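A closer look at the structure
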Amino acid sequence: MRELKDFLASIGAVYEPGGMRMNLNDRRFAVGADVAAHIRDRGRMVYAGKLLGRTRGEFIPSAGLLRELGRMQGPNKVWVDERVGWLFACGRDVFGESITKSEGELEEGACFLVMMGDDCLGYGRVETRGGKMLLKNLFDLGDFLRRERGLEE
Amino acid sequence: MGAGIFLKRYETMGHELTGRERTRRAIRVNTLLASREELEEKLSARGVKLTPIPWLRDGFHAEGGESSVGASFEYLLGLYAIQEAAAQFPIEVLAPTAGEVVLDMCAAPGGKTAQAAAWMGNKGAIVAVDVKRDRLYALENNLERLGVENCVAYCADATSLDYGSELFDKILLDAPCSGNFVTDREWFTKRDIGDVEKNSLVQRRLLGTALGLLKPGGTLVYTTCSLEPEEDELNVQWLLENHDVKLSQVDGPGSPALMEVLGRGLSPEVAKCRRFWPDETGTQGFFVAKVVKP
Ligand SMILES: C[S@@+](CC[C@H](N)C(=O)[O-])C[C@H]1O[C@@H](n2cnc3c(N)ncnc32)[C@H](O)[C@@H]1O
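Structure report, in brief. (Residues numbered from 1 in each chain as written. Chains lettered and ligands numbered in written order. Predicted model: local features only at pLDDT ≥ 70, side-chain atom pairs only at ≥ 80, totals over all residues. Heavy atoms only, no water.)

Now for the overall build of chain B. When its secondary structure is counted, chain B shows ten helices and 15 strands. For chain B, whose C-alpha radius of gyration is 19 Å, the value lies close to the compact-globule estimate of 19 Å for 294 residues. Taken over the C-alpha atoms alone, chain B extends approximately 55 × 50 × 35 Å along its principal axes. In chain B, which comprises 294 residues, the share counted as buried stands at 62%. Relative to all contacts within chain B whose residues are 6 or more apart in sequence, the contacts with residues 24 or more apart total 74%. On chain B, the mean spot of the 33 positive side-chain charges and the mean spot of the 42 negative ones are 0 Å from each other. (Helix = DSSP H or I, 4+ residues; strand = E, 2+ residues; numbered from the N terminus. Rg over C-alpha atoms; globule rule 2.2 N^0.38 Å. Buried < 20%, exposed > 50% of the residue type's maximum accessible area, 1.4 Å probe, protein only. Contact = heavy atoms within 4.5 Å. Lys, Arg positive; Asp, Glu negative; His and termini not counted. Charge placed at Lys NZ, Arg CZ, Asp CG, Glu CD.)

Encoded structure:
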């Protein structure tokens, strides 16, 4: 799971998922022993255990992985208030001046989890635009609403 | 076919429905990620008033709030699921526990799969099956958002499900059915009795397969959101006549299932099942049977 390792390195996190690793198309899972013991037909399987993320060029962490990383000490994190958090969850980037607190070096190319209190809303990469620092949105939890809309259409 | 024929049927079963009954908005606290108190506090800060539904462990009616309950931080963070009140009842009856192995035969979009995982505290295993790949995408999103980690899901036809020699402690058969008018405004224009009869045959095949996959002593919960007796009481009667099973009493809101339908008397055992009439429960129509394999 090279993509997962690269992602973890990009946010400065040390994390080793427990359980058996499984790939299903572009998705990466960690499957606990209880569930692994009941897998019979891998051909028609669509989901198993804990989703770690998807590889779409870049690794896109799952909500569960973000939740775990958000609770850990060590990964790069920035905090935003609720208004900016909602804009971020709607797919927007975070401007430097909206960051209320950070842990980790905010240097070009580094990735940060976007936190609102104890909750992780997604992650982004530090870039400079028009001479100003911003965190480019790489993934946010609003993706669930976009996926739901996609399924309704 | 129109509303008339169905509303008349319901009248012969003792319920004068208008065809305009609707449900209240209900949510389920996802106990994998939040406590009732935590969710109540967070949503009340957004102006959403939660009122506990007395016959559900984790269910609330949700009123008010400027932002939609379907698009809040708490929703995105998986702290609750939007799940109609009656639809939360079957898992309460199945009551899966940590360490059990549970089969959810018609699982998508996964509302009850995720609820079962919460009852099991993400321990043990749930095998979730649905025949429609496109509906399974919604199940996958729900499992991810709600933090479910003890499930393996398959795209397969459950009528011919073969799971090696493995048998399950508990099975949920939330069968494909005709649905009901409460949650679908177009229902009366879409449905006729022919559909109901066709569905009933598929349901019997699913019931037969389910019993073959259940451990002796295991529990099967059979449920539909149909008010039509062909899909409810008559299927349970068929089960009693064709399989070695016992029924367990289902208590709760609503009424005991009917013992006489469409001019036919049924086994008094059938009355152990539960029927949710929209005019009585304020929910959609629902039917729940708890079947035990000796
Ligand atoms: C009432 S819905 C299930 C709702 C689901 N249990 C929930 O709580 O979200 C019935 C489901 O049965 C599925 N289905 C229909 N025929 C099936 C079959 N032969 N095998 C497996 N699933 C089937 C449908 O695709 C549909 O998703």
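Facing the 34 residues of chain A at the interface are 37 residues of chain B. For the chain A and chain B pair, buried surface summed over both sides reaches about 3000 Å², with 60% attributable to carbon and sulfur atoms. Its largest share of buried area at the contact with chain B, chain A owes to A:His38, A:Val46 and A:Tyr47, together 22% of the area lost on that side. Along the contact surface separating chain A from chain B lie five salt bridges. Salt-bridge contacts for B:Glu166 lead to A:Arg40; the nearest nitrogen and oxygen are separated by 2.6 Å. Viewed at the interface, chain B and chain A are joined by 17 residue pairs in polar contact (both at pLDDT 80 or more). Contributing elements (two or more residues each) for the side of chain A that touches chain B: helix H2 (33-36), strand S3 (45-48), strand S4 (50-56), helix H3 (63-71), helix H4 (82-89), strand S10 (119-129) and helix H5 (143-152) of chain A. Take the side of chain A that touches chain B: its biggest share by element is five residues, from H5(A). (Buried area = accessible area lost by both parts, 1.4 Å probe. Salt bridge = Lys/Arg side-chain N within 4 Å of Asp/Glu carboxyl O. Polar contact = N/O pair within 3.5 Å; in protein donor to acceptor, adjacent residues only side chain to side chain.)

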